[in-house]
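# A structural walkthrough
Here is how the chains run, residue by residue.
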Amino acid sequence: MSPNELSITAARKALDEGSFSSKELTQACLDQIQGMDGVLHAFLEVYEKEALEAAERSDIRREEGNALGVLDGIPIALKDNIMLQNKRCTAGSKMLATYNASYDATVTKKLLDAGAVIIGKTNLDEFAMGSSTEQSAFGPTKNPRDPERVPGGSSGGSTVAVAANMCLAALGSDTGGSIRQPAAFCGITGLKPTYGRVSRSGLIAMASSFDQIGPLTKTVEDAALILSIIQGKDEADQTTAQVESFTADWKESIKGLKIGLPRQAWETKGIQDRVRERTEHALGVLKNLGAELVDIDLPYIDEALAVYYVLMPCEVSANLSRFDGMRFGTRKQNLPLFETYSESRADNLGSEVQRRILIGTFALSSGYIDAYYVQAKKVQTLIRDAYKKAFESIDLIVTPTAPTTAFKLGEKLSDPLSMYLEDIFTVSINVAGLPAISIPCEFDGGMPVGLQMIAPWFEEAKLLSASKILQEQLD
Ligand code: GLN
């Protein structure tokens, strides 16, 4: 196995044993990017020189016995809505095509402090709005399993970078499924932490009450490693929770674990046969491992997609108002004031972003706010309560991650509604603020399928332990 194909856990061991250096590991990733990214387009920028220099520094630390911790010398990529000081941060938008980040995101700082080698920035749907990475202003990313298909989105670049061994792990952001759904489409592991566990400072906001940064990795174990580094209370983000540290709590078995199967998800009509077959196979494995599977009822969950597609655009319309060519973003020159605003926005924001700003502005306008925004907030509470009640008697909930496998490029671009339906199993997690993970559950070489496991708020340790046991069994 070439070093870039390893998990973090395996690479770290090899680094400690001196089987290869961080510089060799980083070079192997750079070679892979060189060989593959012309076709896949996972990266918007690659920091070849800086990455090799950082790797050298890591090698010196390791030689001197001063390695910084679990991520020292490990090449990691960042979704391009996460800031790295003095580097371009575009959020996949023409609006920010020339913007240089003025500070490090908290997660970036934490990765750097842990010795990670930031190898580059990855492609995404513009401002993280999309499920296919086709909405990037810089062209689509392709699925490594079949380049005629999408990788999912919006963290498609980060996902492909990991799936195609161009780095060992990457960070993505998940507002309605953007870590879990691409992970499912590309056959890797994607973790969306509990809302408030990871700081959003330095993440270019999409919908602030849903956004959460999380890891895309090859294994559940690696996801836990990254979570332990990036999580925690942050003065710069008042919505972070007072959680001191995260330590994995690997159990030997899942015997007796009660796993809920929501009728509302499993009875969904649009689930593809392949998805049904592979996820049901995984359920069988869970059962053989001694878990107790129970059918449950999650009232109001069917409304989650509608709630999300009202609340999210409202927050989008507020968050994106600053990108007007005046305060932030590319400005159209030599126009009267009103036209400066309108033309800067019309020219530099893509159609999906404009659509959401318009929907959000409409839903927040004085004549409609009660009918849309306020009503959706009420249903959001009902959804949270439904989960809370369910978790009184069960440990975890399991659903497919997405109703279909990766679709063809262009297939859903002209039909936003069918694109939105891809999020049917993932959005309720963000609406409720819960943690969830997608792990691959197909190994026959066909298009990947993901299984989504959901835990109560802040119970990532339980979530990761159970999904690691299942992942090892499925492998
Ligand atoms: N696909 C969803 C959307 O377009 C989720 C996006 C995300 O999680 N960033 O809103």
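Scroll up to find the structure this text is about.
Presented here is an overview of the structure given in this document. Since this is a predicted model, take the numbers as computed values, not measurements. All chains use their own residue numbering, which begins from 1 and follows the written sequence. Selection of residues for local features in this predicted model requires a pLDDT of at least 70, selection of side-chain atom pairs for listing and counting requires 80 or more, and totals for whole chains, interfaces and linings are taken over all residues. Side-chain metrics rest on all non-hydrogen atoms present in the structure, leaving aside hydrogens and water.

## Quick notes on the side chain of K412
Working definition: helices are DSSP H or I runs of at least four residues, strands are E runs of at least two. Numbering for both runs from the N terminus. Turning to its location among the elements, K412 is positioned in the loop between β9 (396–400) and α14 (416–420). Not counting residues within four places of it along the chain, the set of residues in contact with K412 comprises F407, S418, M419 and E422. Here, two residues are considered to be in contact whenever any of their heavy atoms come within 4.5 Å of each other.

## Regarding the site of the ligand
Whether a residue is near a molecule or strand depends on its heavy atoms: it is near if one of them lies within 4 Å of it. In the neighbourhood of the ligand, 16 residues make up the surrounding shell, with S131, T175, G176, S178 and Y308 lying closest. Distance and chemistry together define a polar contact, namely a pair of N or O atoms within 3.5 Å, with one atom able to donate a hydrogen and the other to accept it when in protein, and with adjacent residues in sequence counting only for side-chain atoms on both sides. Here an oxygen atom of the ligand and a side-chain polar atom of Y308 are 2.7 Å apart. If you tally residues by element for the shell around the ligand, the top one is helix α10 (residues 304–319), at three residues. Just so you know the grouping, Ala, Val, Leu, Ile, Met, Phe, Trp, Tyr, Cys and Pro go in nonpolar, Asp, Glu, Lys and Arg go in charged, and all remaining residues, Gly too, go in polar. Looking at side-chain class alone, the shell around the ligand contains six nonpolar, seven polar and three charged residues.

## Here's the deal with the sheet that holds strand β8 (residues 292–296)
One bridge is not enough; two strands pair if DSSP finds at least two bridges between them. Overall, mixed pairing links the 11 strands, which are arranged β1-β3-β2-β4-β6-β5-β10-β11-β9-β7-β8 in an open sheet. Here the strands that pair on one side only, and so sit at the sheet edges, are β1 (43–46) and β8. If you compare each strand with its neighbour and ignore which way they point, the axes differ by 25° on average. In this sheet, strand β11 (residues 450–454) lies alongside β9 in antiparallel orientation, the contact comprising four bridges. Considered in β11, the bridge of I397 is made with I454. Of the strands in this sheet, β1, β2 (75–79) and β3 (117–122) are in contact with helix α2 (residues 22–40), which crosses β3 at around 15°. On top of the sheet, helix α4 (residues 106–113) reaches β2, β3, β4 (169–174) and β6 (212–217); it is set at about 175° to β2, its chief contact. All axes here are fitted lines through C-alpha atoms, helices being fitted over the stretch that makes contact, and every angle between N-to-C directions spans 0 to 180 degrees.

## Topic: the pattern of salt bridges
The rule for a salt bridge is simple: a side-chain nitrogen of Lys or Arg has to be within 4 Å of a carboxyl oxygen of Asp or Glu. For the structure on display, the rule yields 26 salt bridges. For the salt bridge of K121 with D80, the shortest nitrogen-to-oxygen distance reads 2.8 Å. Highlighted residues: K121 in strand β3 and D80 in the loop between β2 and α4, separated in sequence by 41 residues. Neither K121 nor D80 differs from the other in exposure class; each is buried. The shortest N-O distance in the salt bridge between R355 and E352 comes to 2.2 Å. Taken together, the residues span about one helical turn, with R355 and E352 both in helix α12 (residues 351–364) at a distance of three residues. Only protein chains enter the accessibility calculation, which uses a 1.4 Å probe; a residue is then buried when its area is under 20% of its type maximum, exposed when over 50%, and partly exposed in between.

## Structural notes on the packing of aromatic side chains
For Phe, Tyr and Trp, rings pair up if their centres lie within 6.5 Å, where Trp contributes its six-membered ring, and each pair is then called stacked (planes under 30 degrees apart), edge-to-face (over 60) or tilted (otherwise). Evaluation of the coordinates by the stated rule reveals 10 aromatic pairs. Plain terms: the ring middles of F185 and F407 are 5.8 Å apart, the flat faces sit at 90° to each other, and that makes the pair edge-to-face. Placement of F185 in helix α6 (residues 180–186) and of F407 in the loop between β9 and α14 is noted, with a sequence separation of 222 residues between them. Judged by its relative accessible area of 0%, F185 falls in the buried class. Joined through ring pairs, the aromatic side chains of F210, Y308, Y309 and Y420 make up one cluster. Stacked on the ring of F407, the Lys or Arg K412 has its end atom at 5.1 Å from the ring centre. Positioned over the ring face of W250 is K468, at 4.9 Å from the centre of the ring. When the NZ atom of lysine or the CZ atom of arginine is within 6 Å of a ring's centre and also within 35 degrees of its normal, the charge is said to sit over that ring.

## A short note on the side chain of S438
Along the polypeptide, S438 turns up in strand β10 (residues 436–440). Accessibility expressed as a relative area gives 0% for S438, which makes it buried. Within the local environment of S438, its side chain forms a polar contact with the side chain of T401, the two groups lying 2.8 Å apart. Discounting chain neighbours no more than four positions away, the residues touching S438 are R180, A183, A184, I188, T189, G190, T401, G450, L451 and Q452.

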